[in-house]
Structures are given as structure tokens and as C-alpha cells.
Amino acid sequence: MSLSTRYNPQETEPKWYDHWEKNKYFRSEPDDREPFTIVIPPPNVTGVLHMGHMLNNTIQDILIRRARLQGKNACWVPGTDHASIATEAKVVRKLRAKGIKKSDLTREQFLEHAFEWKKEYGGKILDQLKKLGASCDWERTRFTMDDSMTRAVIKVFVDLYKKGKIYRGLRMTNWDPAAQTALSNEEVIYKDEHSQLFHIKYPIEGSPEEGIIIATQRPETIMADTAIAVNPNDPRFKHLVGKKALIPLIDRAIPIIEDGYVDIEFGTGALKITPAHDQNDYEVGQRHNLEIIDILHPNGTLNEHAQILVGEDRFVARKKIKKLLEEGGYLMELENYTTSIGHSERTDSVVEPRLTKQWYVDMKNFAATALQAVKSGEVKFYPENMWNMYYQWLNEDNIRDWCISRQLWWGQQIPAWYIRSEDGGRLSADGEELAFVGVDIEEALEEAKKQTGNNDLTTADLIQDEDVVDTWFSSWLWPISVFDGFENQEELKYYYPTNTLVTGWDIMFFWVARMIMSGYEWSEDLLGADLNGKQPFNDVYFTGMVRDNKRRKMSKSLGNSPDALQLIENYGADGVRFGMLSCSSAGNDIIFDAPFDPETKKALNESKLCEQGRNFCNKMWNALRLIKGWEVADIEQPAINELAVKWIKDKTDMIVADIEKNFAQYRLSDALMCLYQLIWGDFCSWHLEMIKPTYLGEGKSEPLDRKTYEATIEIYEKLMVALHPFMPFVTEEIWHQLRNRKEGNDCIIQRYPAAGRVDKALISYVEKAKDAISRIRETRNSKGISPNEPLNLFVESTESSKSLFDQVGIKDMLMKLGNLSALSFTETKPDSTISFLSGTEKYFLELNIEIDKEAESKKLNEEKKRIEGFLTGVQKKLGNERFVNNAPAPVVEKEKKKLADGQEKLRLIEKALKSLEY
RNA sequence: GGGUCGUUAGCUCAGUUGGUUUAGAGCGCUGCCUUGACAGGGCAGAGGUCACUGGUUCGAAUCCAGUACGACCCACCA
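No experiment lies behind these values; they were computed from the predicted model shown.

**Regarding the packing of aromatic side chains**
Counted under the stated rule, the structure contains 40 aromatic pairs. Relative to Trp680, the ring of Phe616 lies with its centre 6.2 Å away and its plane at 15 degrees, an arrangement referred to as stacked. On the criterion of sequence distance, the pair formed by Phe616 in helix H17 (residues 608–629) and Trp680 in helix H19 (residues 668–691) is long-range, its members being 64 residues apart. Taking relative accessible area as the criterion, Trp680 reaches 26% and is therefore assigned partly exposed. Ring centres of Phe663 and Phe726 lie 5.8 Å apart, and the angle between their planes is 45 degrees; this geometry places the pair in the tilted category. Of this pair, Phe663 sits in helix H18 (residues 639–664) while Phe726 sits in the loop between helix H20 (706–723) and helix H21 (728–738), and the two are 63 residues apart along the sequence. Comparing Phe663 with Phe726 shows no difference in burial state: the two are buried. Over the ring of Trp409 we find Lys102, and its NZ or CZ is 4.8 Å from the ring centre.

**Quick word on the sheet that holds strand S15 (residues 380–382)**
Picture the strands of a sheet paired through backbone hydrogen bonds; they go either parallel or antiparallel. Strand order in this open sheet of 3 strands is S15-S25-S24, and the pairing throughout is parallel. Taken across any chain shown, the strands that pair with only one partner, and hence form the sheet edges, are S15 and strand S24 (498–504). Taken pair by pair, the neighbouring strands of this sheet meet at an average axis angle of 20 degrees, ignoring direction. With 3 bridges connecting them, S15 and strand S25 (residues 537–543) associate as parallel partners. Considered in S25, the bridge of Lys380 is made with Asp539. This element, helix H2 (residues 51–69), spans S24 and S25 of the sheet and lies at about 160 degrees to S24.

**As for the packing of helix H16 (residues 564–582) against H21**
Axis angle and axis distance: for two packed helices, these are the angle between their axes and the distance between the axes, and together they describe the pair. In contact at an axis separation of 7 Å, H16 and H21 are set at 125 degrees when each is read in the N-to-C sense. Taken together, H16 and H21 sit at an angle that is classed as oblique. In this structure, H16 uses Ala573, Asp574 and Arg577 to contact H21, whose residues at the interface are Pro728, Phe729 and Val730. Of the residues assigned to the contact of H16 with H21, the class counts are 4 nonpolar, no polar and 2 charged.

**Structural notes on the pairing of S25**
Of all 7 residues in S25, 6 are buried; the element is thus mostly enclosed. By the bridge criterion, 6 bridges tie S24 to S25 in an arrangement that is parallel. Bridging from a neighbouring strand, Gly504 pairs with Thr543 of S25. Viewed along the sheet, the connection from S24 through helix H15 (residues 508–527) into S25 turns out right-handed.

**Focus on the layout of surface pockets**
The space that makes up the second largest pocket amounts to roughly 430 Å³. In this structure, the second largest pocket is lined by 21 residues; those nearest its centre are Arg775, Phe836, Leu837, Lys859 and Glu863. Within the lining of the second largest pocket, the residues separate by chemical class into 7 nonpolar, 5 polar and 9 charged.

**A closer look at H17**
The first and last C-alpha atoms of H17 sit 31 Å apart over 22 residues, in line with the 32 Å expected at 1.5 Å per residue. Turning to H17, its buried residues number three or more, namely Cys610, Gly613, Phe616, Cys617, Met620, Trp621, Ala623, Leu624 and Ile627. Seen from one end, H17 has its buried residues packed into an arc of 155 degrees, which puts them on one side. The exposed residues of H17 that point more than 90 degrees off its buried face are Lys608 and Gly629. Check the buried side of H17 and you find it contacts H16, H19, H20 and H21. At the N-terminal boundary of H17, the capping side chain belongs to Ser607, with an oxygen 3.2 Å from the backbone nitrogen of Leu609.

**What about the pattern of salt bridges?**
Tallying each qualifying case throughout the model produces 62 salt bridges. One salt bridge connects Lys162 with Glu443, and the closest N-O pair in it is separated by 3.4 Å. Here Lys162 is found in helix H6 (residues 147–162), whereas its partner Glu443 is found in helix H11 (residues 441–452), with 281 residues between them in sequence. Classification of Lys162 as exposed rests on a relative accessible area of 58%.

**Concerning the nonpolar core**
When a protein is soluble and globular, its nonpolar side chains tend to lie buried together. Among the nonpolar cores identified, the biggest contains 189 residues, and Phe473, Tyr716 and Leu814 are the most heavily contacted of them. Take this core: its biggest share by element is 14 residues, from H19. Excluding residues within four positions of it along the chain, Phe473 makes contact with Val153, Val156, Phe157, Leu160, Ile166, Val361, Trp402 and Ile404. Counting 30 residues, the second largest nonpolar core, distinct from the first, contains Met223, Leu302, Ala317 and Leu331.

**Comments concerning the protein's contact with RNA strand B**
Taken together, the neighbourhood of RNA strand B is formed by 67 residues, with Asn280, Ser340, Gln392, Asn588 and Asp901 sitting nearest. If you look at RNA strand B and keep only atoms within 4 Å of the protein, 57% of those are sugar or phosphate atoms. Separating a base nitrogen of RNA strand B from a side-chain N or O atom of Arg6 is a distance of 2.7 Å. The side chain of Asn618 places a nitrogen or oxygen atom 3.1 Å from a sugar or linking oxygen of RNA strand B. Of all the elements, H17 adds the most residues to the surface near RNA strand B, at 10 residues.

**Thoughts on the pairing of strand S18 (residues 416–419)**
A two-sided burial pattern is seen for S18, the buried positions comprising Ala416 and Tyr418 on one face and Trp417 and Ile419 on the other. Pairing of S18 with strand S21 (residues 435–437) involves 3 bridges; the strand directions are antiparallel. From the neighbouring strand, Tyr418 faces S21, where its bridge partner is Ala435. The sheet contact formed by S18 and strand S22 (residues 462–464) spans 3 bridges and is antiparallel. Across the sheet, the residue bridging to Tyr418 is Ile463, located in S22.

**Some thoughts on the packing of helix H1 (residues 9–22) against H21**
In contact at an axis separation of 9 Å, H1 and H21 are set at 85 degrees when each is read in the N-to-C sense. Classified by the interaxial angle, the pair formed by H1 and H21 is roughly perpendicular. On H21, the residues touching Thr12, Glu13, Lys15, Trp16, Tyr17 and Trp20 of H1 are Pro728, Phe729, Glu732, Glu733 and His736. When its residues are assigned to classes, the contact of H1 with H21 shows 5 nonpolar, 2 polar and 4 charged.

**Description of helix H22 (residues 760–783)**
Taking 1.5 Å per residue as the helical rise, H22 with its 24 residues ought to reach 34 Å, and the 35 Å between its terminal C-alpha atoms agrees with that figure. If you check which residues of H22 are buried, you get Leu762, Ile763, Val766, Ala769, Lys770, Ala772, Ile773, Ile776, Thr779 and Arg780. A distance of 3.2 Å separates the backbone nitrogen of Ala761 from a side-chain oxygen at the start of H22, and that oxygen is part of Asp759. Taken from the residues just after H22, Gly784 is the one with a positive phi, measuring 70 degrees.

**As for the state of the cysteines**
Overall, the coordinates contain 0 disulfides when judged by the stated rule. Here Cys75 stays free of any disulfide, with the sulfur of Cys136 as its closest cysteine sulfur at 9.6 Å.

**A word on the side chain of Arg741**
The topology assignment puts Arg741 in the loop between H21 and H22. Polar side-chain contacts of Arg741 include one of 2.6 Å to the side chain of Glu717. Setting aside anything within four residues of it in sequence, one finds Arg741 in contact with Glu717, Trp735 and His736.

**A few points about the sheet that holds strand S35 (residues 820–826)**
The strand order across the open sheet formed by 4 strands is S35-S34-S37-S36, and the pairing between neighbours is mixed. Each edge of the open sheet carries a strand with a single partner, namely S35 and strand S36 (833–838). Within the sheet, the average angular offset between the axes of one strand and its neighbour, ignoring direction, is 25 degrees. Strand direction decides the pairing type here: S36 and strand S37 (residues 841–846), joined by 6 bridges, are antiparallel. When the sheet's bridge partners are listed, Ile834 is paired in S37 with Leu845. Helix H24 (residues 810–817) contacts strand S34 (791–796), S35 and S37 of the sheet and is inclined by roughly 135 degrees relative to S35.

**Let's talk about the environment of Ile247**
Take Ile247: it is sitting in the loop between strand S10 (244–246) and strand S11 (253–258). In sequence terms Ile247 and Ala224 are 23 residues apart; their C-alpha atoms lie 9.3 Å from each other. With sequence-adjacent residues up to four places away left out, Ile247 is seen in contact with Tyr202, Ile222, Asp225, Arg252 and Ile254.

**Digging into the side chain of Ser835**
Among the secondary structure elements, Ser835 is positioned in strand S36. When near neighbours in sequence (up to four residues on either side) are disregarded, Ser835 contacts Lys842, Tyr843, Phe844 and Ala912.

Reading guide: rules and limits
Residues numbered from 1 in each chain as written. Chains lettered and ligands numbered in written order. Predicted model: local features only at pLDDT ≥ 70, side-chain atom pairs only at ≥ 80, totals over all residues. Heavy atoms only, no water. Phe/Tyr/Trp six-rings, centres within 6.5 Å; stacked < 30°, edge-to-face > 60°. Helix = DSSP H or I, 4+ residues; strand = E, 2+ residues; numbered from the N terminus. Buried < 20%, exposed > 50% of the residue type's maximum accessible area, 1.4 Å probe, protein only. Lys NZ or Arg CZ within 6 Å of the ring centre and 35° of its normal. Pairing = 2+ DSSP bridges. Axes fitted to C-alpha atoms, helices over the stretch in contact; angles between N-to-C directions. Contact = heavy atoms within 4.5 Å. Parallel < 35°, antiparallel > 145°, perpendicular 65-115°, else oblique. Nonpolar A, V, L, I, M, F, W, Y, C, P; charged D, E, K, R; others polar. Right-handed = clockwise from strand over helix to strand, strands pointing away. 1 Å grid on protein atoms, 1.4 Å probe; cavity = no way out; pocket = protein on both sides within 12 Å on 5 of 7 lines; lining within 4 Å. Points joined across faces, edges and corners; volume = space filled by probe spheres on them. Expected span 1.5 Å × (residues − 1). Arc of directions from axis to C-beta. Polar contact = N/O pair within 3.5 Å; in protein donor to acceptor, adjacent residues only side chain to side chain. Salt bridge = Lys/Arg side-chain N within 4 Å of Asp/Glu carboxyl O. Core = buried A, V, L, I, M, F, W, Y, C linked by side-chain atoms within 4.5 Å. Near = heavy atom within 4 Å. Disulfide = S-S within 2.5 Å.

Next comes the structure, spelled out in C-alpha cells:
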């Protein structure tokens with residue numbers, strides 16, 4: 001057999017992924033085993049794999065694969081989210097490119113186009129996850145607009161309505177003029193922006209020479225003003241209160257009123273009140289019964305109420321009105337000003353506050369429940385301090401009702417119907433439109449008959465609400481609805497609650513909190529006696545945001561994100577998984593340092609960390625090549641091999657225990673680093689070097705004894721299983737290369753290694769030997785002596801050195817790895833040797849060169865000084881009565897040992913210095 | 001305005017409830033080593049008064065208070 005000198009992920013990764021899928025290793029069905037369940041945070045159906053997904057899904061895959069290796073029934077449910085605003089915007093754009101306007105289509109026609117688009121581009125991201133190695137149960141793939149999911153949404157809507165937790169209300173909401181829909185508060189992103197504060201003079205009615213100057217950053221809205229307000233305690237304007245001012249350019253008279261909301265210090269102290277276009281102005285308007293004049297079309301252009309600049313976009317209008325105001329002599333001053341402006345999360349357009357009728361979920365009780373769930377520990381956050389952010393949003397002072405209606409077509413249509421009035425509109429009573437909620441039109445009809453007392457109504461009299469619900473109104477049901485839990489609880493009772501949710505903290509409010517709410521709201525009703533907990537998941541692992549080396553969030557517009565798929569292409573999925581994980585300590589944002597190409601202004605698809613991961617694969621691959629290349633014979637096991645095998649077994653068990661601890665705390669990058677060092681450092685650099693058969697020349701080596709060979713293969717297998725969750729492909733490949741496997745004997749379904757009993761003394765002896773070997777090499781290095789030249793070594797005969805060299809194989813280890821011709825005990829320093837310390841052992845290395853006594857003595861004196869300083873510290877500590885009396889006994893013992901060891905070292909150095917004098 | 005987190009080697013980060021020979025890893029850097037698993041490699045080395053100032057303690061990178069700088073969340077913003 002001949003293996004290529006480099007590991008080739010491009011070849012092995014698709015091979016093993018297909019193999020796993022064919023063998024249905026990712027498939028989960030309820031059985032007797034303990035379940036381990038993760039539901040994926042569903043990516044946008046038309047999305048493309050980015051760095052955040054890679055981090056997120058690598059972590060989920062590690063947890064799932066480890067659970068599978070622990071013999072649990074691992075179930076990872078994948079799926080996608082319909083992302084109504086973003087997707088609808090994409091479809092509208094695509095149709096426009098074809099010359100089709102959304103307004104020319106019926107709802108049905110539009111949805112047809114949208115589903116076609118979904119069919120064509122949707123779910124690509126799931127294929128990309130496969131490239132990463134994600135071991136999802138693909139047969140369970142769900143989409144938030146699947147029929148069963150939609151039925152769940154409708155059911156839940158009706159249920160909440162009947163419980164009085166959903167209501168319809170006229171309120172100021174955030175309006176996205178690009179998507180032309182209402183938004184929830186969470187969908188508005190505030191950004192600091194430079195703008196200007198316009199100081200505008202409004203003439204006083206009846207005395208044109210007088211005026212009142214207001215400050216605003218939105219001069220285009222003055223036509224919607226219905227008052228000017230000043231603070232009741234502001235003496236400057238007392239004489240004007242009660243009079244009327246004329247809006248510049250349109251000369252409409254508005255009252256000058258007093259309201260405590262106005263800040264005397266800010267701007268000019270006089271505030272224009274525009275109830276239709278500002279939340280606070282709206283409230284002032286309510287207090288003073290002011291008229292509401294809305295001058296904007298839903299798309300952000302000025303309507304006829306504005307009287308001037310009709311049809312202009314609000315930002316164009318701002319520029320134009322500035323000129324008009326200047327020309328009219330109304331613009332008194334322009335002040336530079338920084339303020340935060342709300343943008344739509346999905347379309348980035350500037351959000352308008354707008355008075356509209358929308359559906360809301362009453363959040364008061366939900367918020368309390370969600371807080372309690374985490375407070376009580378039923379849902380645990382990792383890292384714990386995420387609680388603070390969670391609390392801040394959910395506490396009763398901050399929580400706002402959730403606006404769930406969206407003026408879109410792509411989504412679940414709201415299950416509310418109105419009675420068609422004679423003019424084609426909706427029938428009202430007392431100024432309120434009558435709405436009837438039901439799971440379908442028949443149920444709504446019954447409701448309508450009951451409420452109106454009109455039994456002649458038919459479905460033809462009803463018209464359904466045009467709006468759809470917020471996408472998050474379907475995703476908050478995800479942990480239940482992926483198991484069709486609202487219709488059939490068979491699977492839910494096995495899989496619910498799920499184990500761990502892995503997600504970014506940026507969607508804590510959008511999604512995590514709301515899933516907790518929905519879990520507590522419905523799981524008990526659904527599961528009854530079969531309920532294992534109301535919480536939708538036991539643990540939430542919040543990943544950091546992936547940022548570039550300037551700490552900016554990775555985004556398309558900045559071009560600072562490498563192409564995730566290209567990275568996989570370049571380094572292999574295992575390499576990228578390693579790279580992602582090694583820069584992501586739990587809870588912190590992760591800095592993914594990809595070099596930047598100044599010419600294209602884009603991140604290159606390169607990464608040092610991924611390279612390290614790729615190199616790690618290669619290292620393991622070459623260890624395999626080495627082992628496979630050995631000739632094995634039935635000969636006696638040499639002492640050094642006996643030691644090597646015993647040691648690496650124990651060392652592995654020791655590290656496996658550390659890994660267990662790390663997993664328990666979601667310290668995945670630590671767990672990976674443990675394995676990295678165990679495999680590269682201990683297994684390759686020490687174990688394999690120890691057992692490596694002597695080279696005889698001409699491509700031939702001595703054979704290796706079978707016992708050592710078998711043990712080494714076993715250890716390597718164990719290491720591959722332990723590493724498998726992190727780097728699934730390379731471990732599966734090596735697993736199969738190590739032995740001829742029967743069908744179905746795959747790494748992915750082995751049992752994860754468990755920690756065993758460890759001989760700590762043995763490990764410490766080998767550590768001593770390793771250190772001595774390093775000192776030999778260092779001495780060689782500094783004296784310019786080749787590692788190939790065998791040298792004679794002496795060790796000072798002491799109790800401790802004798803017990804060290806009593807260990808089976810230790811002497812051979814030093815001989816072999818230190819390349820020694822002889823090693824013997826001595827009482828005194830032999831001639832032409834140079835001494836060094838390793839631990840408390842003193843060694844003398846025979847060199848066939850002139851020894852620079854001066855340099856040696858200088859070096860020894862430096863070391864002496866260092867140890868003396870150290871000893872002073874320890875002695876001071878031990879001389880302190882309070883330390884000896886107060887510190888725990890083991891600590892005092894340790895200090896005493898430090899003192900004794902230090903003194904021994906000092907003795908050795910002094911001896912060496914003395915011997916130099918001759 | 002309210003709140004959270006961070007500051008440890010040139011860079012990115014560990015440091016597990018204060019005490020394992022006066023701080024660890026990876027990358028980067030320096031020196032030496034190529035026909036023998038791997039130069040995507042080996043061996044060795046240099047590099048830190050743990051942001052600053054006080055305090056608690058026998059003992060502080062670790063606990064407390066304050067300062068500085070940085071990142072973020074929520075609310076408000078004419």
C-alpha cells in the first residue's frame with residue numbers, strides 16, 4: 001500500500017458523507033435509548049452559508065456527534081425559515097427585473113412566483129451544511145411555511161386570541177417604507193448618523209413681524225404640524241402661548257401650547273408637534289386633542305395633505321424644502337447634529353413611525369414566564385451572564401407588546417375575517433372594524449353569526465385580513481412544530497424538551513425568549529402526563545458574533561467575510577471546523593482573522609487557523625503512513641516500548657477526563673486543544689518516536705514487536721473516536737485505514753472513550769525523562785554539536801535519580817531520544833563534561849570539545865542567582881508564622897517541598913561551580 | 001440616561017470558585033536540522049513588573065473599590 005504524502009480532504013469528505021447518509025447514521029426515530037435532540041436555528045431559505053452559520057453549525061454537529069458516540073439517540077432537526085420580509089423583497093426585485101410589478105399580480109399569482117423562487121434557490125444552504133459535515137437527520141427537514149407549520153401558526157393565533165392575548169389596535173408602529181410593512185420594535189436597528197438641526201421661524205398669526213423659532217431635523221414634515229409646544233416653565237415664550245403660529249410655505253395656523261415634555265435646554269426650546277410622524281408628538285397630541293395629519297404615502301413619498309412637494313420622496317423633499325425655506329427667509333440656522341436613526345433590519349431603509357392598525361401579542365405574562373424559566377434554572381444559559389441582557393429586555397418596565405402583523409403576502413395569512421360592507425370595505429361598529437377569528441372561514445363565520453346575531457351571513461360575506469404574521473411568529477413554535485407537535489404528540493413526548501439550543505446572542509429577543517414563552521404556553525397542554533419539562537430546551541449555548549480583525553461584524557456590504565464554501569474548498573471541512581473552533585472561546589465574540597486584499601477590498605479566502613487545522617489533518621495522516629510502513633514481527637517487546645505504551649495509554653485517559661470536564665461546561669475549543677496537544681505532542685512527537693524501530697539504512701528498518709504495534713493501533717483508534725466530533729472526515733478516513741473494517745464498522749458509531757484510572761507516578765517519571773532529553777538537545781544545540789553524534793551521559797547518583805532510572809524503559813528512552821552512546825551513574829563530575837539540571841537531577845554530558853569555563857560559570861551563576869531569589873521568597877513565606885498557622889497543611893507542605901528542592905538545586909549548582917575551578 | 005462585558009507575550013486567546021517549583025497555548029519571530037512518516041515537517045530558543053491606583057489576605061492575574069481605555073445591550077433623542 002502506498003499512501004500519498006498529504007491528506008486529501010477533497011477526495012475523502014464527499015466519500016464519507018455519502019457513506020454516512022447511505023447507512024442512515026443521521027436518522028433518528030424514537031426508541032429505548034436516551035434522546036439527545038437539537039433543533040437547528042433555521043437559516044433563511046434563500047440564504048447562503050456564511051461564517052456565522054459555520055461556527056454555529058460546527059458546534060451543533062460536535063454536540064450531536066459526541067452524543068451519538070455516547071450511545072444516545074442523537075437527533076438534529078434541520079430546516080429553513082421563510083424570512084418573509086427579506087424573501088418577499090428578493091422576489092419583488094426579481095419580478096421587477098422581468099418587468100412585472102407586484103401590484104399587477106394577485107396574491108395567488110405572487111405566491112406562485114415566490115414558491116417557484118423557493119423551489120429554485122431555496123434550501124441551497126442545507127446542501128452547503130452537508131459540505132461542512134453537519135450530521136442532520138435530513139428526512140426531518142422542515143420549512144416554516146410547510147402546511148403543518150402553517151396549521152400550527154393558525155391554531156396558536158386563534159388560541160391566543162380566544163385567551164385574550166392577541167388584540168388588534170391603532171398605534172404608532174415602526175413602518176418600513178421599502179417593504180411597506182409594519183415592523184416589531186426588535187426589527188428596528190438604530191444607528192448614529194450625522195444630520196442637521198434646522199432652526200425654522202414660524203410667524204405669529206396676526207403679527208407677522210413676530211415669530212417663534214423651532215428646531216427640527218425633519219423639515220419636510222412641517223406640513224403635518226398641528227401645534228407648537230413650549231415648556232410651561234419657560235419664561236421666554238409665555239407671551240406667545242395661546243396664540244397661533246403659521247406654518248411656513250403653507251400658512252396653516254396652529255396653536256402654541258404648553259407641555260412638560262418639551263426640554264427647555266434643547267434646540268430653541270420650542271418644539272413643533274407632528275402627531276402623525278413621531279411617537280412622542282403623538283402622545284403630546286393625545287393630551288391636547290390635536291388633529292393628526294399624515295402627509296406620507298406608505299412608500300415614503302409625500303401625499304396631497306402636504307400641499308406642496310406632493311409625490312416627492314421624503315429625503316428629496318427634505319432637500320427641496322430647505323431651499324424653499326431659505327428663499328422664504330424662514331431658515332434661521334443650521335446646526336450639525338448627531339442622532340440615532342432607526343433602520344429596518346431587513347431592508348435597511350429608514351423607518352417611519354406611522355399610525356396604523358396592527359395585531360399585537362400582549363407580552364406581560366409571557367415575559368414573566370420567560371424570565372422565571374431562566375431564573376429557576378429550567379433553562380440554563382451558557383455563558384451565564386447572558387441572563388443580564390435577557391432580563392433587561394423582559395423586565396416589565398421594558399417589555400413591549402409584539403406587533404405581529406406584516407403587510408406582506410409571503411407568510412401565514414392572519415386567520416381573521418371581516419364582514420364585507422356595502423361599499424366593499426369592512427363592516428364597522430362604533431368605529432371599530434368587526435373582526436372574527438377562527439382556524440378557517442367556517443369557524444370565523446360561526447363566530448360572526450354569533451356576535452352579530454345575523455344568521456343569514458355566508459362565507460361570501462367574509463373577507464380575510466390581507467396581512468401575514470411576523471416570521472418569528474412561526475419560528476417561536478419551532479421546537480414543537482418540527483415534531484408536528486400541535487397535531488400529534490407521539491414524537492414530541494420522546495424528543496421534548498430538546499437538549500441544547502446553539503445560537504447567536506443577536507437573536508435572543510427575536511427567537512430564544514419567544515421560544516421559551518411558547519414552550520411554557522403550550523407544551524403542557526399538548527403533552528399532559530408525558531411532559532418531561534415545559535422548557536423547549538435545557539441549555540442555550542450562545543455563540544459570539546464572527547467579526548473581522550478590526551472587530552467589525554462580518555457583512556456582505558463590508559466585503560470583510562471570506563467565502564465560507566471557498567474556505568472549505570481550500571482547507572477541507574475539518575480544517576475549517578478546527579479553525580472556527582480554535583478562535584471561539586465560549587461567549588466571546590470571535591475574531592476571524594482573514595487577510596484583506598487592498599485591491600479588491602475584499603477578504604481573501606485564507607486563514608492561518610484553518611491552515612493549522614489542515615496541517616493537523618496532514619500530521620495525523622503522516623503518523624498513519626509511518627505506522628502502516630512498519631514491518632511487524634513476533635519478537636519480544638523492548639523495555640522502552642513497554643514504557644511508551646503504558647505511558648500513552650495513561651496520558652490518553654488523563655486527557656479524556658479533561659475533555660469530559662470541558663464538554664460539561666461547553667468549553668469546546670479547550671476540549672479540541674487538549675486533543676490537538678495529545679495527538680500531535682504526546683502521540684506523534686513522543687510515543688511514536690519512542691517506539692520507532694531503528695533504521696538500518698537503504699530504506700530498511702528493524703521490525704516492530706507485535707504487542708507494541710497492536711497497542712499503538714488501539715490507541716490511535718481511541719484518539720480518532722475522541723476527535724471525531726470535531727473533525728469527522730479525517731478521523732473516519734484514518735479509522736478505515738488503520739485496519740480492514742467490516743461493513744458497518746465506522747468511526748461515527750463507535751463508543752466515546754471514557755476516562756480510566758491513571759498512574760500519575762508513571763506520567764511524572766516520563767515527564768522527567770522528557771525534560772532531561774530536551775536539556776540534552778538544548779546543550780547540543782548551544783554547543784553546536786549535531787544531533788546525529790552519539791554522546792556519553794552521566795547522571796549524579798542520588799536517591800531520586802536512582803528511582804527514576806529504576807523505571808522500566810526510562811534509561812532506554814534517554815539513550816534513544818537523546819542519542820546517547822552510554823549512560824551511567826557517577827558520584828563526581830567526570831572530566832570534559834558539561835553539566836545541566838533537569839528537575840532535581842544533575843547530568844553531565846561528555847563533549848569532545850574545549851569547554852569555555854568562563855561562559856559556563858557565568859551561566860551557572862545566573863541560574864544560582866535566580867534560585868537564590870526564589871528561595872528567599874519561599875523562606876520568607878515559611879518564616880511567616882501566620883502563613884504556617886493559617887494556610888492549609890497541603891499548601892505548607894508544598895512550600896516545604898519547594899524549599900527542599902530549591903536547596904538541592906542550589907547545592908548542585910555550587911558543586912558544579914566548584915568543579916569548574918579545576 | 002440605565003446596564004453588561006473586557007483589558008494577560010508582537011497577534012488571537014486560556015488561566016475552572018485565591019496557594020503545583022516566581023504565568024500557559026496557538027500563530028508569528030530567532031537559531032539549528034533536508035536522502036529515513038510529515039518543510040503543510042523536526043529540535044531548541046527568545047518574548048509578559050497579568051491596564052492603572054488603592055484595599056482585603058499569611059498569600060492576588062484571580063476577591064473588593066476607584067480610574068483610564070475599548071466593545072456591546074436597552075431606552076431616549078427637536
